[in-house]
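An overview of the molecular structure
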Amino acid sequence: MKLWWKKGILNTVEHAVTRGADALVTILLIRALDAATFSRVALAQAWLAPVLLIFISPETILYRDYSEWKVQGRLFLQLRLSAFRRFALLKWGMATLIALGVAALSKAPSFEEKYWIFCAWLWAAWLPLVPQILGPDREFLRMSLRLRALNVLTLIQKLSLLGGVVAVLAIFPSDLVLPGIGTVLWFSVSVSWVLGWWTARGELKKLEELPQTRDILPTLRGWRAVYDSLRGFSFWSHLSGVVQNWVQTMDLFFLGIFHASSVAQLALYAVALKLSNLLLALPLALANIFGVWVGSTQTAQRDRVKSLTMRLYLACIAQMLVFWMFSSWIINWLSRGRWSAADQDQIFHWLVLISTATMMYASTFLMSSWITLRKNVRKLFFWVYVPWLVISMGVYAGAAKKWTFTEVAAANLVIAIVFIALLWRQWSRAEESAE
């Protein structure tokens, strides 16, 4: 248990650095970009969320099968990681092509407008793909419990990104900010990919190479490892993750459709949504180390999960209340005189509604992780995430079409309650099947 406390702290630090740096980048962009540009970027991220359906992460299967693969020897793991790396780089190229396609097919009246659309979509496409591009080696190091090395790699990647963004905002003119930070992101990810590959390579050398592994080389070469992963666990886990990410921005997605002319309001709402989603950092970090624990031990019993979930719920409430205490100051600092007192009050009101729903949803992370790793991830997707997606689309679309931004913000509470109800029903079914 002492070992897991130590590893848990290291894993939480790694997630804190990741989420903290991402939060700072978001805050800097909110503070630096004008309303029209920021709303364009935020809407691109919201509209891109369903497109991420095609960007599957086969390396997530490491959470389930790492222990089994490890006993197969060095070559077995090495070939599978190599396939995962190639697949990750392929996704990076596809994201770039999507941004080009959207810009080329847009009805923008000028090349300059198309260029801005390309830059906004490129940033929106690349940013969520960073964990996937670096994922194969990062998740291998995480499951190998090389968390110190993982922390160093994360620190290098995030500091290079954050430092580059600060430099771009300080030096570049406003019309070159998005291309500049896109270049910084490309450089940061490229360097981090090489360092991650080099570190994982050193860890792999410590494993024994078993002679019998060579007998199954034909089944490991090429894309077979990716296919084996995608046809089972990783595919359904990925679909669940896509639904989660899309629902988290679906309110802005439908507001962009039904209130496209309200650029200033969309920008203010995007600020409230972005700030609220920052609260997911700590729950996600705790859920991740919980997933590593469940994947590496057989002692993660249901009663223990219930107890930990209650503690997470209390932690989420405490985090939310502290956040509210400083929110007005944060909003005023981000404003730089651009938002009136009424605008700032409106952002805070939306933020309270959205963040309450966010923390309700975040408190379920341990339960959903346990069902994913110990039960049937496919059933979890069809019985929880699919109905949640359908209900969310109906609620958000209806609220955005008929009512104002405030009613859409309040709809987040309904969506959170629906998810909790669906997950609890699936949890109860898993309990009955266990009996």
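Preceding block: the structure.
Here we summarise the structure given alongside this text. Just so you know, these numbers come straight off a predicted model, no measurement behind them.

**A word on the overall build of the chain**
Within the chain, the secondary structure is distributed over 17 helices and 0 strands. Out of the 435 residues in the chain, the part that is buried amounts to 53%. Contacts in the chain between residues far apart in sequence, at least 24 positions, make up 84% of those at least 6 positions apart. Only carbon and sulfur atoms are counted for the fraction: they give 66% of the accessible area of the chain, which is about 19,600 Å².

**Focus on the packing of helix α4 (residues 74-105) against helix α5 (residues 111-133)**
It is the contact of α4 with α5, at a shortest axis distance of 8 Å, that shows an interaxial angle of 160°. Comparing the axis directions of α4 and α5 gives the class roughly antiparallel. In terms of crossing hand, the pair formed by α4 and α5 is right-handed. The segment α4 lies against α5, with Ala-88, Leu-89, Lys-91, Trp-92, Ala-95, Thr-96, Ala-99, Leu-100, Val-102, Ala-103 and Ala-104 engaging Lys-114, Ile-117, Phe-118, Trp-121, Leu-122, Ala-125, Trp-126, Leu-129, Gln-132 and Ile-133. Within the contact of α4 with α5, the residues separate by chemical class into 17 nonpolar, 2 polar and 2 charged.

**Structural notes on helix α6 (residues 135-143)**
Within α6, 9 of the 9 residues are buried, which leaves it mostly tucked inside the rest of the structure. Residue Leu-145 follows α6 closely and has a positive phi angle near 60°.

**Some words on the nonpolar core**
Most often, soluble globular proteins keep nonpolar side chains buried together rather than apart. Core analysis: the biggest nonpolar cluster contains 133 residues, and Phe-140, Leu-252, Tyr-269 and Trp-388 have the highest contact counts within it. Among the elements that line this core, the one with the most residues is α5, at 14 residues. Every residue in contact with Trp-388, bar those within four places of it in the chain, is listed here: Val-243, Gln-244, Val-247, Tyr-361, Ile-415, Val-418, Phe-419 and Leu-422.

**A short note on the packing of α6 against helix α8 (residues 177-204)**
Angle between the axes and distance between the axes are the two parameters that describe a pair of packed helices. In contact at an axis separation of 9 Å, α6 and α8 are set at 40° when each is read in the N-to-C sense. Classified by the interaxial angle, the pair formed by α6 and α8 is oblique. In this structure, the crossing between α6 and α8 has a hand that is left-handed. The residues of α8 that touch α6, namely those facing Asp-137, Arg-138, Phe-140 and Leu-141, are Ser-192, Trp-193, Gly-196, Trp-197, Thr-199, Ala-200, Glu-203 and Leu-204. A class-by-class count of the residues in the contact of α6 with α8 yields 6 nonpolar, 3 polar and 3 charged.

**Side note on the packing of aromatic side chains**
Centre-to-centre distance and the angle between the planes together describe a pair of aromatic rings. All told, the structure shown has 17 aromatic pairs when counted by the stated rule. Residues Phe-253 and Phe-254 carry aromatic rings whose centres are separated by 5.1 Å and whose planes lie at 85° to one another, so their mutual orientation is edge-to-face. When sorted by exposure, Phe-253 lands in the same class as Phe-254, which is buried. Clustering of aromatic rings is evident, with ring pairs tying together Tyr-361, Phe-365, Tyr-385, Trp-388 and Phe-419.

**Some thoughts on a nonpolar patch on the surface**
Together, Val-152, Ile-156, Trp-186, Phe-187 and Val-191 give the surface a local cluster of nonpolar side chains, amounting to about 450 Å² of exposed area. Within the residue set of the nonpolar patch, elements represented by two or more residues are α7 (147-171) and α8. For the nonpolar patch, the leading source of residues is α8, giving 3 residues.

About the cut-offs
- Residues numbered from 1 in each chain as written.
- Predicted model: local features only at pLDDT ≥ 70, side-chain atom pairs only at ≥ 80, totals over all residues.
- Heavy atoms only, no water.
- Helix = DSSP H or I, 4+ residues; strand = E, 2+ residues; numbered from the N terminus.
- Buried < 20%, exposed > 50% of the residue type's maximum accessible area, 1.4 Å probe, protein only.
- Contact = heavy atoms within 4.5 Å.
- Areas by Shrake-Rupley, 256 points an atom, 1.4 Å probe, with all protein chains shown as cover.
- Axes fitted to C-alpha atoms, helices over the stretch in contact; angles between N-to-C directions.
- Parallel < 35°, antiparallel > 145°, perpendicular 65-115°, else oblique.
- Left-handed = near helix turned anticlockwise from the far one by under 90°.
- Nonpolar A, V, L, I, M, F, W, Y, C, P; charged D, E, K, R; others polar.
- Core = buried A, V, L, I, M, F, W, Y, C linked by side-chain atoms within 4.5 Å.
- Phe/Tyr/Trp six-rings, centres within 6.5 Å; stacked < 30°, edge-to-face > 60°.
- Patch = residues over 30% accessible without salt bridge, like charges linked within 9 Å, V, L, I, M, F, W, Y side chains within 5 Å.
- Salt bridge = Lys/Arg side-chain N within 4 Å of Asp/Glu carboxyl O.

All we've got here are geometric facts, nothing functional implied.
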